[in-house]
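Summary of structural features
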Amino acid sequence: MKKYHISVFTTNIIAIVLAVFFARGYNAKGIPITSISIIMAVLLAVFLILTAFMLKPRGKIEKVFPSKRFLLLNFGISAAIGLVFLNEIGLIGFFFVLLFSFLLSEIEHIIYEGVGA
Amino acid sequence: MSIFQFSLAQIPAAVSAILGFIANNPILCGALFLSYALFYAYAFIHNKAVDSDIYEVDLISSGVSSIMVALLLIGIDESSKSLGFSLDLGSPKGKVAVFLLAYAAVMIFMAFTKMLPGFLVVIFGNSELDLFVNFVAILMIEPSIAITGTLLAVIGVPLILLLAIQRLRRLAH
């Protein structure tokens, strides 16, 4: 196991925890999380693309996504924790948890991939 | 008490507020601390690893997560249902968000330009600071918890000690 695996895995968990806490806070205050989700998704996607192209010359990112099993593991944990708090975060909050955790761990993956770790 | 005020007499209350928060959110706090514990366990086993194995990773990671936390903090005070959201610089959350955005911008800039000396990478890109930022951000959502200098010190001092111990352990090898 490399530092890369630990880093991507823990980033996913930290992102889930942050997303659930915030989604719960938004839900409790009646603030729609959709607008911030869209802004965040766009920002993360832009950052993902920028990172991929800036860290290494174009075309040298070998794996855009982590391995299938690793992705499924991270997704499964996100879905499981999201479902546990479904009542408190709502359906949109649940999707926010999935999206936020995926994007943050994917950025971590791309950074490691980009620097050739 | 404000974010800059520290009082020794308030330490028990701050500790009890943190413990109460953890007790009320055992799954999420457990997951948060376990994820950092896992990272430390790895660092403990692979003690020979240098402080920043890959220069860019630590700084960019800190920068990205800080931007996200800042945006979420701004959004939680937002009542508008439109796509845009405004920043209230008068609120504690707004101030913290601005600080985090500035910190993130500097970190990302430094990561790409590689201008920052190695020891500053360790100070700004370490896991302890990341845990501090994330945990304080989570506490800020909880209306019953007032963020004071004492509370920040109660969280920050053990993390600074942890950082120092990690550094000394590595220097010893």
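All values derive from a computational prediction rather than experimental measurement. Note on numbering: residues in each chain are counted from 1, in written sequence order. Chain A is the first chain written and ligand 1 is the first ligand written, with later ones labelled in order. Whole-chain, interface and lining totals are the exception, using all residues; otherwise, since this is a predicted model, local features are given only for residues with pLDDT of at least 70 and side-chain atom pairs are given and counted only at 80 or more. No hydrogens and no water enter the side-chain calculation; it runs on all heavy atoms of the structure.

Digging into the overall build of chain A
Heads up, the condition is: A run of H or I in DSSP counts as a helix once it spans at least four residues, and a run of E counts as a strand once it spans at least two, with each numbered from the N terminus. When checking whether two residues touch, look at their non-hydrogen atoms; a contact exists if any pair is within 4.5 Å. Each accessible area value is a Shrake-Rupley result obtained with a 1.4 Å probe; residue values ignore everything except the protein chains displayed when judging cover.
When you go through chain A residue by residue, the secondary structure sums to 4 helices and 0 strands. Taken from N to C terminus, the helices and strands of chain A fall in the order α-α-α-α. In chain A, 84% of the contacts between residues at least 6 apart in sequence involve partners at least 24 apart. Of the accessible surface of chain A, which amounts to about 5500 Å², a share of 69% is contributed by carbon and sulfur atoms.

A closer look at the overall build of chain B
Spelled out, the test is: Think of it in three bands: residues with accessible area under 20% of the maximum for their type are buried, residues over 50% are exposed, and the middle band is partly exposed, with areas taken using a 1.4 Å probe on protein chains only.
Secondary structure assignment for chain B yields 7 helices and 0 strands. For chain B, with 173 residues in total, the buried portion stands at 46%. Expressed as a percentage of contacts within chain B between residues at least 6 apart in sequence, the contacts between residues at least 24 apart total 73%. Taken as a whole, chain B presents about 8600 Å² of accessible surface, with 73% of it coming from carbon and sulfur.

Concerning helix α1 (residues 3-29) of chain A
What counts is decided by this rule: Between the first and last residue of a helix there are one fewer steps than residues, each counted as 1.5 Å, and that sum is the expected span.
Its 27 residues give α1 of chain A an end-to-end C-alpha distance of 38 Å, which sits within 8% of 39 Å, the value for a rise of 1.5 Å per residue. Following α1 of chain A by one or two positions, G30 of chain A adopts a phi angle in the positive range, close to 75°.

A look at the interface of chain A and chain B
Rule in force here: Buried area: the accessible area, evaluated with a 1.4 Å probe, that two parts lose upon being put together, summed over both parts. Salt bridge, as applied in this entry: a Lys or Arg side-chain nitrogen positioned within 4 Å of an Asp or Glu carboxyl oxygen. The term polar contact refers here to a pair of N or O atoms within 3.5 Å; inside protein, the definition further demands a hydrogen-donor-capable atom paired with an acceptor-capable atom, and it admits residues adjacent in sequence only when both atoms are side-chain atoms. Side-chain classes follow a simple rule in which Ala, Val, Leu, Ile, Met, Phe, Trp, Tyr, Cys and Pro form the nonpolar group, Asp, Glu, Lys and Arg form the charged group, and the remainder, Gly included, forms the polar group.
Taken together, the contact between chain A and chain B spans 43 residues of the former and 41 residues of the latter. For the chain A face of the interface with chain B, the top three residues by lost area are K3, F21 and F22 of chain A, together amounting to 18%. Taken together, the links from chain A to chain B amount to 0 salt bridges. At the junction of chain A with chain B, the criterion picks out 2 residue pairs in polar contact (both at pLDDT 80 or more). At the level of secondary structure, the elements contributing two or more residues to the side of chain A that touches chain B comprise α1, α2 (34-55), α3 (68-84) and α4 (86-114) of chain A. Here the side of chain A that touches chain B gets 16 residues from one element, more than from any other, and that element is α1 of chain A. Residue composition of the side of chain A that touches chain B, by class: 33 nonpolar, 5 polar and 5 charged.

Concerning the side chain of H109 of chain A
Mapped onto the elements, H109 of chain A comes out in helix α4. On the basis of relative accessibility, which here comes to 1%, the residue H109 of chain A falls in the buried class.

Quick notes on the packing of aromatic side chains
Short version of the rule: Aromatic pairing here means that ring centres of Phe, Tyr or Trp (its six-membered ring) are within 6.5 Å. Orientation follows from the plane angle: under 30 degrees is stacked, over 60 is edge-to-face, and everything else is tilted.
Within this structure, the stated rule accounts for 6 aromatic pairs over all chains. Between F96 of chain A and F100 of chain A the ring centres are 5.5 Å apart and the planes differ by 20°, which places this aromatic pair in the stacked class. With F96 of chain A and F100 of chain A both in helix α4 and 4 residues apart, this pair spans about one turn of that helix. With relative accessibility at 3%, the residue F96 of chain A sits in the buried group. A network of ring pairs unites the aromatic residues F21 of chain A together with F21, F33 and F135 of chain B as a single cluster.

Focus on the pattern of salt bridges
Residues and elements named next belong to chain A. Taken as a whole and assessed by the stated rule, the structure comprises 1 salt bridge over all chains. Across the salt bridge formed by E88 and R24, the nearest N and O atoms sit 3.1 Å from each other. Of the two residues, E88 is situated in helix α4 and R24 in helix α1; the sequence distance between them amounts to 64 residues. Judged by its relative accessible area of 36%, E88 falls in the partly exposed class. Since its relative accessible area comes to 17%, R24 is described here as buried.

Considering a nonpolar patch on the surface
Applicable threshold: Put simply, a patch holds well-exposed residues, over 30% relative accessible area, that have no salt bridge, with like charges counted together within 9 Å and Val, Leu, Ile, Met, Phe, Trp or Tyr side chains within 5 Å.
Residues I38, V42, V46 and L50 of chain A make up a contiguous nonpolar surface patch of about 340 Å² in total accessible area. Within the secondary structure, V46 of chain A is located in helix α2.

Observations concerning the confidence of the model for chain B
Residues and elements named next belong to chain B. Heads up, the rule is: pLDDT measures how confident the predictor is about each residue, on a scale from 0 to 100.
For chain B, mean pLDDT is 81; residues scoring 70 or higher make up 85% of the total. Confidence, read as mean pLDDT per element, is least for helix α5 (residues 118-124) in chain B (76) and greatest for helix α1 (residues 11-24) (92). At the level of chain-chain contacts, confidence expressed as ipTM amounts to 0.84, with global pTM at 0.86.

Brief notes about the nonpolar core
The line we're drawing: We call a set of buried residues a nonpolar core when its members are Ala, Val, Leu, Ile, Met, Phe, Trp, Tyr or Cys and they connect through side-chain atoms within 4.5 Å of each other.
Membership of the largest hydrophobic core comes to 83 residues, with the highest contact counts inside it found for F22, M40 and F100 of chain A. Residues contacting F22 of chain A, with those up to four places away along its chain left out, are V69, L72, L73, I76, A137 and I141 of chain B.

A short note on helix α4 (residues 92-113) of chain B
Residue and element names in this part refer to chain B. Along its 22 residues, α4 runs 32 Å from first to last C-alpha, staying within 8% of the 32 Å computed at 1.5 Å per residue. Looking at α4, one finds that the buried residues are K93, G94, A97, L100, Y103, A104, M107, I108, M110 and A111. Once α4 finishes, K114 follows within two positions and takes phi at roughly 55°, a positive value.

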